[in-house]
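Chain residues, written in single-letter form:
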Amino acid sequence: MNETFQRAVSAVAESNLLVVATGAGMSKESGIPTFRDSLDGLWARYDPQELATREGFRHDPPRVWGWYNYRRKLISELEPHGGHRAIARLEALLPQVVVVTQNIDGFHRLAGSTGVLELHGNINRFKCYDRDHPVEEEVPLACQDGPVEPPRCGRCGSPLRPDVVWFGEMLPPGVFEQAETLARSCDAMLVVGTSGIVYPAAALPMSARSGGATVIEVNVEPSEVTPTVDVFLQGAAGEVLPALVAAVEEERSRAN
Ligand code: APR
């Protein structure tokens, strides 16, 4: 085991509170296309402003609902990979683990993580456009591709929208504050598959460092975060995380 990897293993194994901050690269090996990569086929002629903003939805609700229906369908055919499962496994090994994700695919919970903060919402959760009334009942996927009329809110009749954070919108109330508090008080932070350019999520590794945590990054290539981390593990999440968690498990069982 090389020294850098061992440093990461020890920092994780010794932490009472571990925060795992994940971005789009975390789900890459599951096959989930990035927002821009999924602008293909029928959707290639649209601009993100037309598909992922309040104004875009107000202008053409069936177009935006159809686009999210398409992305939801893609995600429903995919599944979490070994890296997601390795993160979930950490809950059995450490006193407290919280995942803070920018991803809207819900894969951390599907893989078994129970402490998950979704900064940008979830593509399989819905609320109404006018008043943010949450939707409790199942919203079925539409079979057809292309524009689809959104269902209506049972309470106020407003069209439903996905409960995700669109461009220009605020994060869900309280969620970032919770993430920030955890980042400041954690012992170690694992930063996985994020370019570190989308704020406020990108501020979390710095908060962790200023709170005294060891920050470990897992990425296939250096990112904006890399210059500020303690340990950089270069590689794919689906390979590095299972190896890291297996070594943490070994170290903890030796210590006990
Ligand atoms: N394993 C680890 N890291 C990877 C992998 C992999 N298999 N594949 C790619 N990466 C890294 C890339 O090197 C890059 O640094 O993941 C990062 C992905 O960067 P972005 O696509 O910018 O994703 P993210 O940081 O999550 O920011 C995008 O913007 O559109 C919004 O809300 C959306 O959360 C999303 C954010």
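Note that this is a predicted model, so its numbers are computed, not measured.

**Regarding helix α10 (residues 237-255)**
Now for step 1: Here α10 spans 26 Å end to end across 19 residues, near enough to the 27 Å set by a 1.5 Å rise per residue.
Now for step 2: Within the sequence span of α10, burial applies to A237, V240, L241, L244, V245, A247, V248 and E251. Mapping the buried residues of α10 onto a view down its axis gives an arc of 165°, with all of them on the same face. Facing away from the buried surface of α10 by more than 90 degrees, the exposed residues are E239 and R254.
Now for step 3: The elements touched by buried residues of α10 are α1 (3-13), α2 (24-28), α6 (82-89), β6 (188-192), β7 (214-219) and β8 (231-234).

**As for the UniProt feature "binding site: NAD(+)" (unreviewed entry) in the protein**
Now for step 1: UniProt's feature table lists "binding site: NAD(+)" (unreviewed entry) at Q102, N103, I104, D105, G193, T194, S195, N219, V220, E221 and A237, given in the numbering used throughout. Across 136 residues, the annotated set is spatially dispersed, with a maximum C-alpha separation of 22.8 Å. In the annotated set above, the residues contributing to the lining of the largest cavity are Q102 and T194.
Now for step 2: Once residues lying within four places of it in the same chain are set aside, the contact partners of T194 are G23, Q102, E217, N219 and S223.
Now for step 3: Side-chain polar atoms of T194 contact the side chain of Q102, separated by 3.0 Å.
Now for step 4: Structurally, N219 is set in strand β7.
Now for step 5: Residue classification places N219 among the buried positions, given a relative accessible area of 10%.

**A word on the environment of T101**
Now for step 1: Looking at the secondary structure, you find T101 in strand β2 (residues 96-101).
Now for step 2: Residue classification places T101 among the buried positions, given a relative accessible area of 2%.
Now for step 3: Between the alpha carbons of T101 and V191 there is a distance of 9.8 Å; along the sequence they are 90 residues apart.
Now for step 4: Apart from the residues within four sequence positions on either side, T101 is in contact with T22, H108, V116, L117, E118, L119 and H120.
Now for step 5: Of note is the side chain of T101, whose polar atom sits 3.0 Å from the backbone nitrogen of N103.

**Remarks on the nonpolar core**
Now for step 1: Among the nonpolar cores identified, the biggest contains 31 residues, and L18, V20, L90, I216, L233, L241 and L244 are the most heavily contacted of them.
Now for step 2: Elements supplying a minimum of two residues to this core: α1, β1 (17-22), α6, β2, β6, β7, β8 and α10.
Now for step 3: Ranked by residue count, the leading element in this core is α10, at seven residues.
Now for step 4: Ignoring sequence-local partners within four residues, the contact set of L90 consists of V12, L18, V97, V245 and V248.
Now for step 5: By size, the runner-up hydrophobic cluster in this structure holds 23 residues, among which are V175, A179, L182 and A183.

**Some remarks on the side chain of R72**
Now for step 1: Looking at the secondary structure, you find R72 in helix α5 (residues 61-76).
Now for step 2: Buried charge R72 goes without a salt bridge, the closest partner of opposite sign being E138 at 5.8 Å.
Now for step 3: Other than its neighbours up to four places away in sequence, R72 contacts I123, N124, F126, V139, P140 and L141.

Definitions and cut-offs
Residues numbered from 1 in each chain as written. Predicted model: local features only at pLDDT ≥ 70, side-chain atom pairs only at ≥ 80, totals over all residues. Heavy atoms only, no water. Helix = DSSP H or I, 4+ residues; strand = E, 2+ residues; numbered from the N terminus. Expected span 1.5 Å × (residues − 1). Buried < 20%, exposed > 50% of the residue type's maximum accessible area, 1.4 Å probe, protein only. Arc of directions from axis to C-beta. Contact = heavy atoms within 4.5 Å. UniProt positions renumbered as here; feature names shortened; annotations may be inferred. 1 Å grid on protein atoms, 1.4 Å probe; cavity = no way out; pocket = protein on both sides within 12 Å on 5 of 7 lines; lining within 4 Å. Polar contact = N/O pair within 3.5 Å; in protein donor to acceptor, adjacent residues only side chain to side chain. Core = buried A, V, L, I, M, F, W, Y, C linked by side-chain atoms within 4.5 Å. Lys, Arg positive; Asp, Glu negative; His and termini not counted. Salt bridge = Lys/Arg side-chain N within 4 Å of Asp/Glu carboxyl O.

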